Amino acid sequence: MASTGKTYIVEHLDDELGAWSELEYMTIAKESHENGAAFFLTSVPPSLELPERLKTLPGFVAKPESVEELYPEKSRVCLLDPSATKELSPEDGDTFDIFLFGGILGMKWSHFGRR
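Residues numbered from 1 in each chain as written. Predicted model: local features only at pLDDT ≥ 70, side-chain atom pairs only at ≥ 80, totals over all residues. Heavy atoms only, no water.

Caption draft 1: Local environment of the overall build of the protein. When you go through the protein residue by residue, the secondary structure sums to four helices and seven strands. Starting at the N terminus and ending at the C terminus, the protein contains elements arranged as β-α-β-α-β-α-β-β-α-β-β. Taking all 115 residues of the protein together, 39% fall into the buried category. A fraction of 59% describes how many contacts in the protein between residues 6 or more apart in sequence connect residues 24 or more apart. (Helix = DSSP H or I, 4+ residues; strand = E, 2+ residues; numbered from the N terminus. Buried < 20%, exposed > 50% of the residue type's maximum accessible area, 1.4 Å probe, protein only. Contact = heavy atoms within 4.5 Å.)

Below you can see the structure in the form of structure tokens.
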């Protein structure tokens, strides 16, 4: 399997993990892994007990750090945001290495830190 060199990130902003979020995270991890991409769940508080089936899933990586701590250089980070002004296009894969999901999974983007 060829690596895409892409990283997909969900910044976890809750103190708990609901069944729907668990399913979303499992799906993203599985599909990222199958396509040679990385998936990180960031800002995971130490108090959050992740389900074993999620923790042991190939392609799933939980990190306590935030996206800003992990990637201080934001020019290659694409924030996928339903309220952004630009539609996502295939060419954006040449511009960005990291795709950060914000809010409900959206199909528009802005540079991280700008809307």
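Caption draft 2: Structural view of the pattern of salt bridges. Under the defined criterion, the tally for this structure stands at seven salt bridges. Among the ionic pairs, Glu-34 bridges to Lys-30, the shortest N-O distance being 3.0 Å. Of this pair, Glu-34 and Lys-30 both sit in helix H1 (residues 19–34), separated by four residues, roughly a single helical turn. Judged by its relative accessible area of 44%, Glu-34 is partly exposed. A salt bridge links Asp-97 to Arg-76, with the nearest nitrogen and oxygen atoms 2.8 Å apart. One end of the pair, Asp-97, is in the loop between helix H4 (92–95) and strand S6 (98–101); the other, Arg-76, is in the loop between helix H3 (67–70) and strand S4 (77–80), with 21 residues separating them in the sequence. The exposure class of Asp-97 is partly exposed, given its relative accessible area of 25%. Connected through shared salt-bridge partners, Lys-6, Arg-76 and Asp-97 make up one network. (Salt bridge = Lys/Arg side-chain N within 4 Å of Asp/Glu carboxyl O.)

Caption draft 3: Highlighting unusual backbone geometry. You will see that Ser-43, though not glycine, has its phi angle at about 60°, which is positive. Along the polypeptide, Ser-43 turns up in the loop between strand S2 (38–42) and helix H2 (52–55).

Caption draft 4: Here's a closer look at the packing of aromatic side chains. The full count for this structure, using the stated rule, is four aromatic pairs. Residues Tyr-8 and Phe-99 carry aromatic rings whose centres are separated by 5.7 Å and whose planes lie at 25° to one another, so their mutual orientation is stacked. One end of the pair, Tyr-8, is in strand S1 (residues 7–11); the other, Phe-99, is in strand S6, with 91 residues separating them in the sequence. Ring geometry for Phe-96 against Phe-99: centres 6.2 Å apart, planes inclined by 70°, an arrangement best described as edge-to-face. Its relative accessible area of 7% is what places Phe-99 among the buried residues. Taken together, the ring pairs in this structure connect Tyr-8, Phe-96 and Phe-99 into an aromatic cluster. A cation over an aromatic ring shows up here: Lys-63 above the ring of Phe-40, its NZ or CZ 5.0 Å from the ring centre. (Phe/Tyr/Trp six-rings, centres within 6.5 Å; stacked < 30°, edge-to-face > 60°. Lys NZ or Arg CZ within 6 Å of the ring centre and 35° of its normal.)

Caption draft 5: Fine view of the nonpolar core. In this structure, Val-10, Tyr-25, Phe-39, Leu-50, Leu-54 and Phe-60 are the most contacted members of the largest nonpolar core, which totals 19 residues. When contributions to this core are tallied by element, the ones reaching two or more residues are H1, S2, S4 and S6. Broken down by element, the residue count for this core peaks at four residues, all from H1. Within the second largest apolar cluster, seven residues are counted, among which are Ile-9, Val-77, Leu-79 and Leu-100. (Core = buried A, V, L, I, M, F, W, Y, C linked by side-chain atoms within 4.5 Å.)

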